[in-house]
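What follows is each chain in one-letter form.
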Amino acid sequence: MNLTVCVGVDGVTCPSVDDGLKQRVGTHLKNVVFGTAPQEFAATKTNNEGIVLVMLGPQAHDVIKDLCDDHDKKERRVKFIYSLSAGVDSYRLPDFTKQLHGVPMHNAQGCYSNILAEHVVFSMLYFNRSPWRIVESKREKKWDRFNMIEALGEKVVIIGYGDIGQKCGQKAAALGMKVTGIRRSGGNTVDEHGVTVRGNDALDEAIREADFVVGVLPGTSHTKHFFNKDVFAKMKPSAVFINIGRGQTQCEEDIVGALNNGVIRGAALDVFETEPLPKESPLWTVPDDKLLLTAHSADWTEDVAERPLNRFAEIFNEYVMHGKSDTYTVSLHKGY
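In this text, all values refer to a predicted model and were calculated from it rather than measured experimentally.

Peer 1: Which residues make up the overall build of the protein chain, and what are the values?
Peer 2: Assigned secondary structure in the protein chain consists of ten helices and 13 strands. Taken along its principal axes, the extent of the C-alpha atoms in the protein chain is 70 × 45 × 30 Å. Counting every position in the protein chain, which comprises 336 residues, the buried fraction comes to 49%. Counting contacts in the protein chain only where the partners sit at least 6 residues apart, residues at least 24 apart contribute 68% of the total. In the structure as shown, the protein chain presents an accessible area of about 16,800 Å², 50% of it carried by carbon and sulfur atoms. A gap of 2 Å separates the mean positions of the 39 positive and 44 negative side-chain charges of the protein chain.

Peer 1: An account of the environment of Ser 238 is needed here, citing residue identities and associated values.
Peer 2: Topologically, Ser 238 is positioned in the loop between helix 8 (229-234) and strand 11 (240-243). When its relative accessible area of 44% is taken as the criterion, Ser 238 is described as partly exposed. Considering only alpha carbons, one finds Ser 238 and Arg 265, 27 residues apart in sequence, at a separation of 4.9 Å. If near-sequence neighbours (up to four positions away) are discounted, Ser 238 is found in contact with Asp 211 and Arg 265.

Peer 1: Provide a residue-level description of the packing of aromatic side chains, including the pertinent values.
Peer 2: Overall, the coordinates contain eleven aromatic pairs when judged by the stated rule. Relative to Phe 241, the ring of Phe 227 has its centre 4.8 Å away and its plane inclined at 45°; by these criteria the two rings are tilted. Of this pair, Phe 227 sits in the loop between strand 10 (212-215) and helix 8 while Phe 241 sits in strand 11, and the two are 14 residues apart along the sequence. Owing to a relative accessible area of 0%, Phe 241 belongs among the buried residues under this scheme. Positioned above the aromatic ring of Tyr 328, the side-chain terminus of Arg 311 is 3.5 Å from the ring centre.

Peer 1: Please set out unusual backbone geometry residue by residue, giving values where relevant.
Peer 2: Glycine aside, negative phi is the norm for most residues, and most peptide bonds take the trans geometry. Residue Pro 276 is bonded to the preceding Glu 275 through a cis peptide linkage, with omega at -5°. Relative to the helices and strands, Pro 276 resides in the loop between strand 12 (266-269) and strand 13 (291-293). The phi angle at Ser 130 is positive, at roughly 50°, despite the residue not being glycine. Within the secondary structure layout, Ser 130 lies in the loop between helix 4 (113-129) and helix 5 (131-139). The backbone of Tyr 328 sits at a positive phi, close to 55°, despite the residue not being glycine.

Peer 1: How would you explain the domain arrangement of the protein chain if you had to name every residue and give the values?
Peer 2: Parsing the protein chain into structural domains produces domain 1 (3-107 + 302-322) and domain 2 (112-293). Placing a centre on the C-alpha atoms of domain 1 and another on those of domain 2 gives a separation of 34 Å. Tallying the contact residues gives seven residues for domain 1 and five residues for domain 2. Of the roughly 520 Å² buried where domain 1 meets domain 2, counting both sides, 48% is carbon and sulfur surface. Among the residues of domain 1 in contact with domain 2, Ala 86, Asp 89 and Arg 307 are the three that bury the most area, contributing 68% of the side total. Applying the counting rule to domain 1 against domain 2 returns one salt bridge. We note a salt bridge from Asp 89 to Arg 246, for which the minimum N-O separation is 2.8 Å. Linking domain 1 with domain 2 are two residue pairs in polar contact (both at pLDDT 80 or more). A breakdown of the residues in the side of domain 1 that touches domain 2 according to their chemical character gives four nonpolar, one polar and two charged.

Peer 1: Run through the pairing of strand 6 (residues 155-159), naming residues and quoting values.
Peer 2: Within strand 6, four of the five residues are buried, which leaves it mostly tucked inside the rest of the structure. Taken together, the five bridges between strand 6 and strand 7 (residues 178-182) define a ladder with parallel strand orientation. Looking at strand 7, one finds that Ile 159 is bridged to Ile 182. Of the crossover connections in this fold, the one passing from strand 6 over helix 6 (residues 163-174) to the parallel strand 7 is right-handed.

Peer 1: Residues and numbers for helix 10 (residues 306-322), please.
Peer 2: In this model, helix 10 (17 residues) spans 24 Å end to end at C-alpha, consistent with the 24 Å of a helix rising 1.5 Å per residue. Note on helix 10: the residue one or two positions beyond its end, Gly 323, has a positive phi of about 80°.

Peer 1: So what about the sheet that holds strand 1 (residues 3-8)? Which residues, and what values?
Peer 2: Within the open sheet, the five strands sit side by side as 2-1-3-4-5. Their pairing is parallel. The open sheet has two free edges, formed respectively by strand 2 (29-34) and strand 5 (105-107), since each of these has just one partner strand. Across the sheet, the mean angle from the axis of one strand to that of its neighbour is 20°, orientation sign disregarded. In terms of strand pairing, strand 3 (residues 51-55) meets strand 4 (residues 78-83) through five bridges, oriented parallel. Within strand 4, the position partnered with Leu 53 by the bridge is Ile 81.

Peer 1: Describe the sheet that holds strand 13, with residues and values.
Peer 2: Read from one edge to the other, the open sheet built from eight strands follows the order 8-9-7-6-10-11-12-13, with strand pairing classed as mixed. The open sheet has two edge strands, strand 8 (188-190) and strand 13, and neither has a second partner. The mean inter-strand angle of the sheet, taken between neighbouring strand axes irrespective of direction, is 15°. Direction of pairing for strand 6 relative to strand 10: parallel, over a ladder of four bridges. If you follow Ile 159 over to strand 10, its bridge partner there is Gly 215. Running over the sheet, helix 4 touches strand 6, strand 10, strand 11, strand 12 and strand 13 and is turned about 145° from strand 13.

Calculation rules
- Residues numbered from 1 in each chain as written.
- Predicted model: local features only at pLDDT ≥ 70, side-chain atom pairs only at ≥ 80, totals over all residues.
- Heavy atoms only, no water.
- Helix = DSSP H or I, 4+ residues; strand = E, 2+ residues; numbered from the N terminus.
- Buried < 20%, exposed > 50% of the residue type's maximum accessible area, 1.4 Å probe, protein only.
- Contact = heavy atoms within 4.5 Å.
- Areas by Shrake-Rupley, 256 points an atom, 1.4 Å probe, with all protein chains shown as cover.
- Lys, Arg positive; Asp, Glu negative; His and termini not counted.
- Charge placed at Lys NZ, Arg CZ, Asp CG, Glu CD.
- Phe/Tyr/Trp six-rings, centres within 6.5 Å; stacked < 30°, edge-to-face > 60°.
- Lys NZ or Arg CZ within 6 Å of the ring centre and 35° of its normal.
- Domains from an automatic or database assignment.
- Buried area = accessible area lost by both parts, 1.4 Å probe.
- Salt bridge = Lys/Arg side-chain N within 4 Å of Asp/Glu carboxyl O.
- Polar contact = N/O pair within 3.5 Å; in protein donor to acceptor, adjacent residues only side chain to side chain.
- Nonpolar A, V, L, I, M, F, W, Y, C, P; charged D, E, K, R; others polar.
- Pairing = 2+ DSSP bridges.
- Right-handed = clockwise from strand over helix to strand, strands pointing away.
- Expected span 1.5 Å × (residues − 1).
- Axes fitted to C-alpha atoms, helices over the stretch in contact; angles between N-to-C directions.

Listed below in structure tokens is the structure:
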């Protein structure tokens with residue numbers, strides 16, 4: 001089975017993706033076509049027997065919709081879709097449930113879990129160790145001894161306890177923290193990391209008791225502005241909010257209000273409602289002791305492009321060998 005791979009990514013990403021694909025699956029590759037709009041794939045759509053879509057970013061919405069318009073056919077031209085990102089909300093999948101019927105979609109879930117979990121631990125220690133004060137004291141040559149906050153025994157609630165959430169739980173538990181993971185299929189169990197896994201019925205209680213509230217929610221219609229003033233009002237004034245999920249899950253106006261008014265102690269944000277974060281956003285002016293702000297870079301490493309391409313190669317080779325793959329699939333109904 002020789003397949004054409006249609007890649008819908010931005011121009012900066014194209015060269016590394018092209019080289020990576022040819023290195024990993026070149027033997028069974030008929031062609032690689034790049035584009036960001038449907039017309040750039042028109043010839044491939046007309047003349048090709050088998051297409052694999054590799055997508056990243058909002059421009060993929062129109063490409064997916066166009067190439068998957070043969071939903072009335074038994075044999076679909078697109079054999080499967082792969083998202084280079086773990087999040088798939090930018091593709092707006094609910095817009096074309098009909099077009100995607102019978103076309104499997106996979107994503108890079110798990111590729112970034114460890115590095116994101118490390119960032120969560122860093123964020124917690126940032127507020128426990130006050131590096132802004134340490135740096136300023138050194139600059140002023142000031143002998144400034146102050147109390148540190150020990151992580152041991154502190155309570156953490158992870159909202160969205162999937163693969164990334166579990167890595168966060170594992171690392172927090174290794175520090176001796178008491179961790180609760182919240183997920184829809186919760187129950188009341190303790191996993192292999194010593195994390196108590198609960199359902200949504202335990203959410204309010206866990207938030208009220210937590211020293212750190214960690215958001216790892218996907219971006220769906222149900223999670224938009226999930227983290228808002230009502231949630232922050234339930235948190236302890238000494239608690240910190242950390243979000244490494246999706247930017248649309250937080251209401252930034254409410255975050256600024258909660259920080260400036262002392263409703264919560266601090267926040268660590270790596271994702272935002274609009275990216276790049278506009279210069280006029282009031283988040284830029286929140287002091288360092290209240291806000292740790294990173295530019296959606298918590299999972300950026302030297303091999304950031306290689307990880308999802310290795311995953312793609314696994315899935316691609318399964319299709320070549322067996323005609324299907326059941327791993328790392330996306331639920332169109334759930335949106336993740």
